[in-house]
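Fold and geometry: a report
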Amino acid sequence: MIFIYMSFLAIIPIWAASLLLYLSSPKQRLMDKPLNKAVGYLIALALYVVANALFAHAFPLVSALLASLVVLMLGLVSVTILSGKSIRLFMSVSILLVVLCTTIGGTLYVA
(Lines give C-alpha, C1' and ligand atoms only; values in the text may rest on other atoms or scores of the structure.)
Protein backbone atom coordinates (compact mmCIF):
# COMPACT_ATOMS: atom_id res chain seq x y z
CA MET A 1 0.00 0.00 0.00
CA ILE A 2 2.96 2.33 0.52
CA PHE A 3 3.80 2.28 -3.20
CA ILE A 4 0.38 3.58 -4.27
CA TYR A 5 1.95 7.04 -4.70
CA MET A 6 3.84 5.66 -7.70
CA SER A 7 0.59 5.50 -9.65
CA PHE A 8 0.16 9.27 -9.28
CA LEU A 9 3.76 9.93 -10.26
CA ALA A 10 3.36 7.67 -13.32
CA ILE A 11 0.85 10.10 -14.79
CA ILE A 12 3.55 12.75 -15.31
CA PRO A 13 5.75 10.80 -17.78
CA ILE A 14 2.66 9.61 -19.63
CA TRP A 15 1.46 13.21 -19.97
CA ALA A 16 4.90 14.18 -21.31
CA ALA A 17 4.82 11.21 -23.71
CA SER A 18 1.37 12.26 -24.95
CA LEU A 19 2.64 15.78 -25.47
CA LEU A 20 5.69 14.54 -27.40
CA LEU A 21 3.52 12.34 -29.61
CA TYR A 22 1.26 15.30 -30.34
CA LEU A 23 4.17 17.66 -31.04
CA SER A 24 5.63 15.14 -33.50
CA SER A 25 2.50 15.35 -35.64
CA PRO A 26 2.55 17.67 -38.66
CA LYS A 27 -0.98 18.82 -37.68
CA GLN A 28 -0.04 20.05 -34.20
CA ARG A 29 -0.88 23.66 -33.35
CA LEU A 30 1.40 24.48 -30.42
CA MET A 31 4.69 25.04 -32.27
CA ASP A 32 5.63 26.46 -35.64
CA LYS A 33 7.36 23.27 -36.79
CA PRO A 34 6.71 19.74 -35.53
CA LEU A 35 9.39 17.82 -33.66
CA ASN A 36 11.41 15.16 -35.40
CA LYS A 37 9.07 12.16 -35.50
CA ALA A 38 11.70 9.51 -34.75
CA VAL A 39 13.13 11.39 -31.78
CA GLY A 40 9.70 12.29 -30.40
CA TYR A 41 8.45 8.71 -30.67
CA LEU A 42 11.62 7.28 -29.12
CA ILE A 43 11.51 9.61 -26.11
CA ALA A 44 7.76 9.02 -25.72
CA LEU A 45 8.36 5.26 -25.72
CA ALA A 46 11.05 5.64 -23.06
CA LEU A 47 8.71 7.74 -20.91
CA TYR A 48 5.96 5.15 -21.36
CA VAL A 49 8.32 2.39 -20.16
CA VAL A 50 9.21 4.51 -17.12
CA ALA A 51 5.51 4.98 -16.38
CA ASN A 52 4.95 1.22 -16.69
CA ALA A 53 7.72 0.63 -14.16
CA LEU A 54 6.16 3.14 -11.77
CA PHE A 55 2.73 1.54 -12.15
CA ALA A 56 4.29 -1.90 -11.59
CA HIS A 57 5.30 -0.81 -8.08
CA ALA A 58 1.64 -0.37 -7.16
CA PHE A 59 -0.10 -3.04 -9.27
CA PRO A 60 0.60 -6.48 -10.75
CA LEU A 61 2.23 -6.39 -14.18
CA VAL A 62 -0.87 -6.94 -16.31
CA SER A 63 -2.85 -4.39 -14.31
CA ALA A 64 0.04 -1.93 -14.58
CA LEU A 65 0.14 -2.32 -18.36
CA LEU A 66 -3.62 -1.83 -18.60
CA ALA A 67 -3.54 1.20 -16.30
CA SER A 68 -0.73 2.83 -18.27
CA LEU A 69 -2.55 2.19 -21.54
CA VAL A 70 -5.74 3.78 -20.21
CA VAL A 71 -3.85 6.81 -18.89
CA LEU A 72 -2.02 7.13 -22.23
CA MET A 73 -5.31 7.10 -24.13
CA LEU A 74 -6.71 9.74 -21.77
CA GLY A 75 -3.56 11.81 -22.19
CA LEU A 76 -3.67 11.65 -25.98
CA VAL A 77 -7.29 12.77 -26.09
CA SER A 78 -6.72 15.49 -23.50
CA VAL A 79 -3.66 16.91 -25.26
CA THR A 80 -5.49 16.96 -28.58
CA ILE A 81 -8.55 18.71 -27.15
CA LEU A 82 -6.52 21.20 -25.10
CA SER A 83 -4.33 22.10 -28.06
CA GLY A 84 -7.38 23.55 -29.83
CA LYS A 85 -7.77 26.05 -26.99
CA SER A 86 -5.31 28.78 -26.04
CA ILE A 87 -1.69 27.97 -25.25
CA ARG A 88 -2.13 29.65 -21.87
CA LEU A 89 -4.94 27.23 -20.94
CA PHE A 90 -2.87 24.30 -22.16
CA MET A 91 0.12 25.33 -20.04
CA SER A 92 -2.10 26.01 -17.01
CA VAL A 93 -3.68 22.56 -17.21
CA SER A 94 -0.27 20.92 -17.67
CA ILE A 95 1.22 22.70 -14.66
CA LEU A 96 -1.86 21.93 -12.56
CA LEU A 97 -1.63 18.24 -13.49
CA VAL A 98 2.04 18.01 -12.54
CA VAL A 99 1.55 19.90 -9.26
CA LEU A 100 -1.48 17.82 -8.25
CA CYS A 101 0.18 14.51 -9.10
CA THR A 102 3.36 15.34 -7.22
CA THR A 103 1.46 16.76 -4.25
CA ILE A 104 -0.91 13.82 -3.94
CA GLY A 105 1.86 11.31 -4.61
CA GLY A 106 4.17 12.95 -2.09
CA THR A 107 1.44 13.23 0.54
CA LEU A 108 0.54 9.56 0.17
CA TYR A 109 4.20 8.62 0.38
CA VAL A 110 4.76 10.56 3.60
CA ALA A 111 1.45 9.55 5.21
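Just above, that's the structure.
Residues numbered from 1 in each chain as written. Predicted model: local features only at pLDDT ≥ 70, side-chain atom pairs only at ≥ 80, totals over all residues. Heavy atoms only, no water.

Quick look at the packing of helix 3 (residues 37–58) against helix 4 (residues 61–83)
Relative to each other, helix 3 and helix 4 sit at 130°, their axes nearing to 9 Å. With respect to helix 4, the axis of helix 3 lies oblique. Our pair here, helix 3 against helix 4, has a crossing hand that is right-handed. For the pair helix 3 and helix 4, the contacting residues are Tyr-48, Asn-52, Phe-55 and Ala-56 in the first and Ala-64, Leu-65, Ala-67, Ser-68, Leu-69, Val-71 and Leu-72 in the second. Residue composition of the contact of helix 3 with helix 4, by class: 9 nonpolar, 2 polar and no charged. (Axes fitted to C-alpha atoms, helices over the stretch in contact; angles between N-to-C directions. Helix = DSSP H or I, 4+ residues; strand = E, 2+ residues; numbered from the N terminus. Parallel < 35°, antiparallel > 145°, perpendicular 65-115°, else oblique. Left-handed = near helix turned anticlockwise from the far one by under 90°. Contact = heavy atoms within 4.5 Å. Nonpolar A, V, L, I, M, F, W, Y, C, P; charged D, E, K, R; others polar.)

Describing helix 2 (residues 11–23)
Taking 1.5 Å of rise per residue, 13 residues should cover 18 Å, and helix 2 covers 18 Å from first to last C-alpha, within 8% of that figure. Looking only at helix 2, the buried set comprises Pro-13, Ile-14, Trp-15, Ala-17, Ser-18, Leu-20, Tyr-22 and Leu-23. (Expected span 1.5 Å × (residues − 1). Buried < 20%, exposed > 50% of the residue type's maximum accessible area, 1.4 Å probe, protein only.)

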